[in-house]
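Structural overview
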Amino acid sequence: MGTGGTGSPAGNPSPGCGKSGRPESGTVKVDGDHIYTFPDSYDGNTPLPLLMGFHACGNPIDQFINLTRGSAFETEYVRAVGRSSDQGGCWNYNNDIARVLRIYDDLMDSYCIDMDRVFATGHSSGAQMIVQILTHKSDAEHMNFKAVAPVAASDYGALQVPTPVMYIQGKNDTVRGGDGASTVARFSSANMCERGSTPYSQVMGCQSSGKTVNPGCVSYIGCSEPTIWCSHDDPAYSNTSHGVPCFAIEAMVDFFTSMP
């Protein structure tokens, strides 16, 4: 693992730096709205990278708090997860973008975040929310993601800003009905990639449901921003290959840490 992707020691401090120390118990929670967690190293003065996690439809708000336990995301990043407004727990861009922007602004105004190292991941409906943010220029520029790692999203049209990405989807995702190629094509277009790719061997295989999983990751050639596609064969999520695969969190840590 790396150093959490903190970049230069100074970082780009948010307006909240210097306002207060580490919250009691290292957690801030507003029921039905958001949870923030702060590593032991958080002192309120040194800007830390931020991971924003977006839960899947029907999953609990803390899906990505649980998935990232024991990883560098827990020990080196501020983590923030929001709750969609929909009763069924599905993210809806038109209904939820104001909430997402409010959470982002609250983090920047109240806590010490490196504004140049804001990362996002999400699963299914949550991954779709990330993609939709990137299709809206003003929202994408406001949140200024350093890199994203959506898991099993969908194609919502042209992305408005180049963005480093590790896109993850089962090569036979029966919920999505495919491998996500059209969504990846949106990233490769926004990132001005050339045709062709090379194997991305930095992501290691893992064990899931008694199977040795092949991450199937490739790196696109000649891109303005790193563009990785992991088309995996993890049967997880009731054998739909629609879940967050066993290699994903470690791969995200390493990818985000590699950002200059």
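Residues numbered from 1 in each chain as written. Predicted model: local features only at pLDDT ≥ 70, side-chain atom pairs only at ≥ 80, totals over all residues. Heavy atoms only, no water.

Tallied over the full model, the rule gives 5 disulfides. Here cysteine 57 pairs with cysteine 90 through a disulfide, and the sulfurs are 1.7 Å apart. Here cysteine 90 lies in the loop between strand 4 (78-82) and helix 3 (93-110) and cysteine 57 lies in the loop between strand 3 (48-54) and helix 1 (63-67), a separation of 33 residues in the sequence. Residue classification places cysteine 57 among the partly exposed positions, given a relative accessible area of 34%. (Disulfide = S-S within 2.5 Å. Helix = DSSP H or I, 4+ residues; strand = E, 2+ residues; numbered from the N terminus. Buried < 20%, exposed > 50% of the residue type's maximum accessible area, 1.4 Å probe, protein only.)

Quick look at the sheet that holds strand 2 (residues 34-37) now. Ordered in space as 1-2-4-3-5-6-7-12-11-8, the 10 strands form an open sheet in which the pairing is mixed. Bordering the open sheet on either side are strand 1 (27-30) and strand 8 (197-199), each of which pairs with just one other strand. Strand-to-strand twist across the sheet, computed as the mean angle between neighbouring axes with direction ignored, equals 15 degrees. Where strand 3 meets strand 5 (residues 113-123), 6 bridges bridge the pair, whose relative direction is parallel. (Pairing = 2+ DSSP bridges. Axes fitted to C-alpha atoms, helices over the stretch in contact; angles between N-to-C directions.)

So, about the confidence of the model for the chain. Confidence in the prediction of the chain, expressed as mean pLDDT, is 95, and 97% of residues score 70 or more. This model gives residues 1-8 a pLDDT under 50, and the stretch forms 21 contacts once residues within four places in sequence are excluded. (pLDDT = per-residue confidence, 0-100. Contact = heavy atoms within 4.5 Å.)

With that settled, the discussion passes to the pattern of salt bridges. Tallied over the full model, the rule gives 7 salt bridges. Across the pair arginine 99 and aspartate 33 runs a salt bridge, and its minimum N-O distance is 3.7 Å. Of this pair, arginine 99 sits in helix 3 while aspartate 33 sits in the loop between strand 1 and strand 2, and the two are 66 residues apart along the sequence. Owing to a relative accessible area of 10%, aspartate 33 belongs among the buried residues under this scheme. A salt bridge links aspartate 33 to arginine 102; the shortest N-O distance between them is 2.7 Å. Of this pair, aspartate 33 sits in the loop between strand 1 and strand 2 while arginine 102 sits in helix 3; the two residues are 69 residues apart in sequence, bridging distant segments of the chain. Assessed through its relative accessible area of 41%, arginine 102 is described here as partly exposed. (Salt bridge = Lys/Arg side-chain N within 4 Å of Asp/Glu carboxyl O.)

Let us look at the nonpolar core. Membership of the largest hydrophobic core comes to 43 residues, with the highest contact counts inside it found for Leu50, Met52, Leu134 and Phe145. Going through the elements one at a time, strand 3, strand 4, helix 3, strand 5, helix 4 (125-134), helix 5 (137-143), strand 7 (165-170) and helix 6 (181-190) are the ones with two or more residues in this core. With 8 residues, the top contributor of residues to this core is helix 3. When neighbours within four sequence positions are excluded, methionine 52 is seen to be in contact with Ala80, Ile103, Tyr104, Val118, Phe119, Ala120, Thr121, Met143 and Phe145. In terms of nonpolar packing, the next biggest core, distinct from the first, is built from 33 residues, Ile35, Ala72, Ala149 and Phe256 among them. (Core = buried A, V, L, I, M, F, W, Y, C linked by side-chain atoms within 4.5 Å.)

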